[in-house]
Every structure is written in C-alpha cells, then in structure tokens.
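Each chain is listed here by its residues.
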Amino acid sequence: MKYFLKNKSYFITLLIVLFLALPLLFLMKGQMFWDIILYNLPWRYHLSECINNGELPLWNPYMNYGFPQMGHYETWYPVSWIIALLYKYDLIVLQFEYLFNLLMAGVGFYQFTKLFQLHKQTRTIGAIAYMLCGVFISQASQLGYLTSGAWMPFVFYFLIRFLQKPSFEIGLYFTFFYYLLVTGGYAGNFITITYICIAIVVYFVIKYFRQKAFSTLKQIGGFTLILSVLFIGMYSVVLYSTSALNPLITRSSLDYNNEGFGAQTGSSSLIGYSSLISPSSTSVSSELWNTSKMLNDAYIGLIPLLLSIFFLLFGRKSSYYKLAIWLFGIAILFLMISAAVELPFHNLLYRLLPLMDQFRFPSLFRIFFIFNLITISLFSIELILQNAKTRIVFGKYLGIVLILMTIGLFFTSPVNLPFINEEFFTQIKQQSISNMWSVDLLIGISLLSILLLFTVYKPKHLLLTLLILTAGDMIIHTWIRTPTFVHSDKNPQLVNQQIKAIHQGFPLINQQITTGKITETFEKVPKLWLNRFTYFKYPIVEGSSPYSTKTYSAVIQNHLLDTALQYPFIAVFDELEDLSNSKQHYNITLTKNIQSTYTSPNQFDFTISQAEGKTILFNHNTHPDWHFYENGEHLISKSISGNFLAVQLKSDESALSIKFEPKTTIRLFYLSLFSFLICIGFILYFQIKNITNISHQNKV
C-alpha cells in the first residue's frame, strides 16, 4: 500500500481532479447527450445483449434494415467486451466508460512523459491538462475520438521505448495498446497515429544506420517479426470482416467536397483556436466559428499555454529546446491540417496518402497539436524550476500577460453568471461570446496573479502551485462547458428504467404486421428516438447504422422500398422475380399463417404450412452469408431486386431456418481471442515478474 501511495500518487490526483471536474457523472446525476446516446449506446447495448445471450455480434437486424455488425471494427474492442460481460451496457455504464477514457488519457500522458527527465509533479500537470483538454470535453459525445486519445500516449511511449532499447516485453506492451487503439478508436485517428508511428520508426532506423548499430536493428527486426504475428492473429477478425464489408458499402471511399459526407466535412476553423485563451466562448453558438462549435475547442489550460510560449521564446539553453522546436513545428502543421476548409494542407494529404479518403472530420488533427503543446509546456516548468534567472524573466513575462489581459477586459461585456446553483445549466447557454471572454479573462487574471506571487515570493512551492492552479483552471472550465458539450442535469436513471421496462430477450416475429407498420406497434422511448428498436430487439427499417449497403441504397433510389414495406418480415409469393411486379403474386393468407418459433440477431426460425413450391421472400437486407434451411436441408437462394433474398420451398410442411453464417469470420474470431489471451498471458507474466523484483529489492 505504501508503495502504491508513493509511486501512484499521480493516479489518485488524476482521479480526484476528474471527479471534481465532472461530479454529476460520477454521482450518476447527469445525462450525456448527442452521439453517445443516439449511436454508441444502442451499438454497445446490442453487443452486450449478444454476448450475454451466447451470440456473437455478427449481424444487427435492429436498425436500417439490418447491417453486418461484424464489419465495424469497434465491435471487437476488448474493453467493450469486458464491460459487457461484467456489467451489461446501459447509459450509466457507458458514461463511466467515458470517464474511464479520460482517466486513461491522463495516465497515458503521464506514462509518455517518462521519456523525459521531469519531476513527477511536472508530469502530473501535463496529465491533467491532457485529460481535460478541449477535444475530450467538447467532443464528449463522440466516443471513438476519446478512445483514440486515451490509448495514443501509451502507443507513442512504448513504441519509442521499444526503439530505444528493444525487448520483447516493451514491444508486447506496444502491440497491446496499438490493438486497443485500432479496435476502439475512430478510423481517422488510428490511421493518422499509424503514419506518425511509421515516421518515428523511420527516424530511429536512419539513426541506427548512421551509427552502424546493426545489432540493435537486428533486435528490432526480430522482435517486430514475432510481435507482428501476434498482432495479426489478434487483429485477424477485424481485418477480414472490415475488408469483406468494404466492397458492399457506399462509404468505402469519400469524395472530398461532398457536403455532409465528404472527407473535408467536420473541419476546425482558424478562429476556433482562440479557444486556447477563451474556451468558454466555444460553448456559444455563433457564425463566427464557421463550423460546429464542438470542433473548435483546443484548450490545454491557460498556464500550460503560456508556459509553452515562454519556453519557445526563452528556452534556448535547455537541452530540450531543439526537440521543442520540432514538436511546435509539427503542432502547427496539424493545426493547419485541421482547418481543412480554410487551408489546403488536408486536401494535400487526401490526395497523397493512402487511406486518408476513409474518414471525415479533419478537426481530429487538433489532438496532436494539443499533445505537442502540452509536452513543450513541461519542458518550460523544468527550466523555470532549475534556473533563478529564468524565474525572474518568467515573473516579468507573467506581469506583461496580466497587463494585456486586464486591458482586454475593457473590450468585453460584463457577465453575471451563477456558477453553483440550480440555474447554472440554463443560464450558461444564454451568454454571448463577449460575456464568455469576460469570464475567461477574469479567471485567467486570478490564476496568473496567484502564480506571479508564488513565482516571486515562494519559488520553493512553485511546482505545487502550478499543479493546483492548472487543476483548478481545467476543473472550472470543464464546469462551464459541461452543459453545452458533456451532459445535462437530467437523471440518467430514467433512461435506464425505460430500457429495462422493455421486454427482455428476443421477441418472435409478428407476421400479421407489415414491415412499414411495425413502428406503430411499439411505444416511443423518450431520449432514445434514434435506433430505439435495438432495445426492443425487433427487425426494423428505421435507424442509423455505421454503413449503408450499396444494394439497400439502390432499392431506395429505384423507389422499391415502399413496396417492400408493404410485406411482413417473411412473405409468401406464388412466384417472384422482382419487387416491382410482386403484388399480383403475393399470397397474404399463407403469409399470415407463418409462425415464428425462434429469433436471435443471427437466426430466424419459422414453421410454414401448405407452401410447397411457393417462394419465400426474406424482407431484410441481403448479405452473402445469409443461408436458408428447410427441414435441415440447405436451400439455394436467389436475389430479388438486388437487396433481398428468396427461396422456393420443397415441402408442404416446412421448418424454415434463416441463419447468418460468416464461417470465416467466426473462425478468425476464435483465432483473435486465442491470440489476445496469449498477449494478456505474457503481460501478466511480466507484471508479476516486475512486482516480484520490486518486492525483493524493497526487502534488500
């Protein structure tokens, strides 16, 4: 326990700061909104229901006429599987996953900065700034971005450690965290991070070639080969299922300027980087931002921002100065890439680099700007602590900044904002940009005044002061932006109660109701209006899935969807070649007599009488892995209007089973699971070995 408190005190600090920043989420009294409840919750809920009912999450019939869930990489994210098995997903569990991501982001950044000779408190300051930075607060609803940001520092840390001193253990940690990144994060993030990793590897390889350190290169090559085999084994189910899906979907490659769905969609704006000084202003809707306000916030804390600028101006004698210049140059490059509408750099990447046409939201690049700027600020802290003359310069620097901020107050509007009462969530949204600038300047002046006093009169306590002030800054600004970006003051238990009130298990198909009328038979669920049939677990046309198939889009474009909606989930026809002339051959009597006997996401069973020679339409999205069995005998299906499947029955009394059987994906899932368990086994072995060594050293 003493060892933990001594060596993991930063973890306790991060946890306390996170609690103070988002107390309502911890106390389960705040309800998150937007994408996390409309998209992430139903997808995670479906995963959870599958796992806990002995089903693999291969197909999701409960949204958008059905789609292959297995083809979405997040389906295979190990953290989601562990959470689903231990707790089952609901809104509160998902909100704690958000908090978990923030905490891991802080821990990861603290770990990353072990690469430099920095005080533990200095690294904790950086971890706090990163954990509550603008991206993680303003885009709280977009879980994929947060997951990417959480695992990114671990990936960079263990990659650089592995390249500096190759070993199987360190390489294994890199492999593990990279796997979490590519299965849990947003595609754009892990594609970009992969390119950065490649650049880091190239740098080290060139360095070792120049030094003629061929033995080191040989070690790197040998371990990389072994670990690549392990990674491919873990990633095989994702690689195969996503590759198999790619030719079937409409968004396999994005046009650049297509409004809403082009690669340029979701850019930051240059004016949005004013959030570095006034993050609260981004919570106000305004045409000034030229884009969604959530895509502009790049706040890292006022003190880390000023520290990074100070180091670039006055840190030339530091051994880290050359590195800081490189980091700053790369940060500015990422800033310019994020502003894709205003600057051409993102378009250049789109044209030159493979896979850059696979994702939207260039605004994601600002996380790398943030990461580099915070890192530079830590070099500044070390410089100020080590050099008395530098502290004097820093004091003067703070004085000038305070004067400028005080002058700035005269150009803003005063604000009367009740920070801690029941009106906070309402009144915060009624402020103007000028009001919020006033708030941020007042907060900044207060923080810097205290910092200046300690810099001049109490330099021995300067590091602790920087830690407390940075934490206070990030906590206060998280409070201010929370009503706009993170959660409301509504109780999330109400949503959970609505979900639990819905029939558990997988209900049977009602053949008396057409597909188009199904929505009228289920009650609406407040706050869960999108993808709500995931909770009812009933096949439906409504909803929004990660992808739309080309065949389904063709049905809509050919105006055949309305025809399909006139039939139940399973429909009987005397003969059927195409939906356009299907009505005259529709046998409504036999259709209504069909009995549903079993349903699951991957299988639907029916009994059908007196239908020998009749054609059965499966009124659901097609896929090559749907198979039909009549009384145990496999039937050959045929395509109807490009998007539906049909079979002709051979018996008068039929037990029809429709199964989704992607056999290769299932086999690769078990290979991935086995490989992942091997990886975990090695990690546990090394952790136990390290703990044993530490315990032995302490005794000695």
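All residue numbers here refer to positions counted from 1 along the written sequence of the relevant chain. Selection of residues for local features in this predicted model requires a pLDDT of at least 70, selection of side-chain atom pairs for listing and counting requires 80 or more, and totals for whole chains, interfaces and linings are taken over all residues. With hydrogens and water stripped out, all remaining heavy atoms of the structure feed into the side-chain values.

Engineer: Summarise the nonpolar core; cite the residues concerned and give the values.
Structural biologist: Residues Tyr98, Tyr130 and Leu448 are the most contacted members of the largest nonpolar core, which totals 212 residues. A run of H or I in DSSP becomes a helix once it reaches four residues, and a run of E becomes a strand once it reaches two; helices and strands are each numbered from the N terminus. Sorting elements by how many residues they give to this core places helix H9 (residues 143–164) first, with 15 residues. Discounting residues that sit within four places of it in the chain, tyrosine 130 has contacts with Ala105, Phe109, Phe136, Gly149, Met152, Pro153, Ile367, Ile370, Phe371 and Ile374. Each nonpolar core is a collection of buried residues, namely Ala, Val, Leu, Ile, Met, Phe, Trp, Tyr and Cys, held together in the definition by side-chain atoms within 4.5 Å. Relative accessibility thresholds used throughout: buried, under 20% of the residue-type maximum; exposed, over 50%; partly exposed, between the two (1.4 Å probe, protein chains only). By size, the runner-up hydrophobic cluster in this structure holds 17 residues, among which are Tyr65, Val555, Leu579 and Ala646. The contact criterion used is simple: two residues touch if any of their non-hydrogen atoms lie within 4.5 Å.

Engineer: So what about the packing of aromatic side chains? Which residues, and what values?
Structural biologist: Side-chain rings of Phe, Tyr and Trp, where Trp is taken by its six-membered ring, are said to pair if the distance between their centres is within 6.5 Å; with planes under 30 degrees apart they count as stacked, over 60 as edge-to-face, and otherwise as tilted. For the coordinates displayed, the defined rule picks out 76 aromatic pairs. On the basis of an interplanar angle of 65° and a centroid distance of 6.2 Å, the ring pair of phenylalanine 100 and tryptophan 151 is categorised as edge-to-face. Of this pair, phenylalanine 100 sits in helix H6 (residues 91–112) while tryptophan 151 is found in helix H9, placing the two residues 51 residues apart along the sequence. When the centroid spacing of 5.9 Å and the interplanar angle of 55° are considered together, the rings of phenylalanine 311 and phenylalanine 379 count as tilted. A residue pair is termed long-range when its members are at least 10 positions apart, and phenylalanine 311 in helix H13 (residues 302–314) and phenylalanine 379 in helix H16 (residues 366–386) qualify at 68 residues. Pair check on accessibility: phenylalanine 311 and phenylalanine 379 agree, each one buried. Against the face of tyrosine 110 rests arginine 123, its NZ or CZ located 3.9 Å from the ring centre. Definition used: whenever NZ (Lys) or CZ (Arg) falls within 6 Å of the ring centre and also within 35 degrees of the ring normal, the charge is taken to sit over that ring. When the ring centre of tyrosine 629 is taken as origin, the NZ or CZ atom of lysine 659, which lies over that ring, is 5.3 Å away.

Engineer: I'd like to hear about the packing of helix H4 (residues 35–52) against helix H5 (residues 78–86), residue by residue, with values.
Structural biologist: Structural elements are reduced to axes, namely lines fitted to C-alpha atoms, with helices fitted over the stretch in contact, and the angle between N-to-C directions of any two is expressed from 0 to 180 degrees. Between H4 and H5, the shortest axis-to-axis distance is 9 Å and the interhelical angle comes to 60°. Here H4 lies oblique to H5, going by the angle between them. Here H4 and H5 pass one another in a crossing that is right-handed. Contacts between H4 and H5 pair Arg44, Leu47, Ser48, Ile51 and Asn52 from the former with Ser80, Trp81, Ala84 and Leu85 from the latter. Note on residue classes: Ala, Val, Leu, Ile, Met, Phe, Trp, Tyr, Cys and Pro are nonpolar, Asp, Glu, Lys and Arg are charged, and everything else, Gly too, is polar. Residues that form the contact of H4 with H5 fall into these classes: 5 nonpolar, 3 polar and 1 charged. When describing relative orientation, an angle under 35 degrees is termed roughly parallel and one over 145 degrees roughly antiparallel, while 65 to 115 degrees is termed roughly perpendicular and anything else oblique. For a crossing to be left-handed, the near helix must be turned anticlockwise from the far one by less than a right angle; the clockwise case is right-handed.

Engineer: I'd like to hear about the side chain of serine 363, residue by residue, with values.
Structural biologist: Residue placement: serine 363 occurs in the loop between helix H15 (345–352) and H16. Every residue in contact with serine 363, bar those within four places of it in the chain, is listed here: Gln139, Gly266, Ser267, Ser268, Leu295 and Ser338.

Engineer: So what about the sheet that holds strand E3 (residues 570–573)? Which residues, and what values?
Structural biologist: Think of it this way: DSSP has to see at least two bridges between two strands before they count as a pair. Spatially, E3-E6-E10-E9 is the arrangement adopted by the 4 strands of the open sheet, whose pairing is antiparallel. Strands at the two margins of the open sheet, each flanked by one partner only, are E3 and strand E9 (638–640). Going across the sheet, the axis of each strand differs from the next one's by a mean of 35°, ignoring polarity. The pairing of E3 with strand E6 (residues 615–618) spans 4 bridges and is antiparallel. Each residue of the ladder has a partner; that of isoleucine 570, found in E6, is phenylalanine 618.

Engineer: Explain H4 to me, using residue names and the numbers behind them.
Structural biologist: The length a helix should cover is 1.5 Å for every residue beyond the first. The terminal C-alpha atoms of H4, which comprises 18 residues, lie 24 Å apart, in line with the 26 Å expected from a rise of 1.5 Å per residue. Helix geometry: H4 is bent most strongly at leucine 41, by close to 35°, with proline proline 42 lying one to four residues after it. In terms of residue burial, H4 counts as a mostly covered element, since 15 of its 18 residues are buried. Looking one or two residues beyond H4, the residue adopting positive phi is glycine 54, at roughly 75°. Fitting axes to the seven residues ending at a residue and to the seven starting there, one defines the bend at that residue as the angle between these axes.

Engineer: Tell me about the pattern of salt bridges, and please be specific about residues and values.
Structural biologist: Salt bridge, as used here, is a side-chain nitrogen of Lys or Arg placed within 4 Å of a carboxyl oxygen of Asp or Glu. In total, this model carries 8 salt bridges according to the counting rule given. Between lysine 638 and glutamate 577 there is a salt bridge; the shortest N-O distance is 3.3 Å. Taken as a pair, lysine 638 in strand E9 and glutamate 577 in the loop between E3 and helix H25 (588–592) lie far apart in primary sequence, 61 residues in all. Residue classification places glutamate 577 among the exposed residues on the basis of a relative accessible area of 59%.

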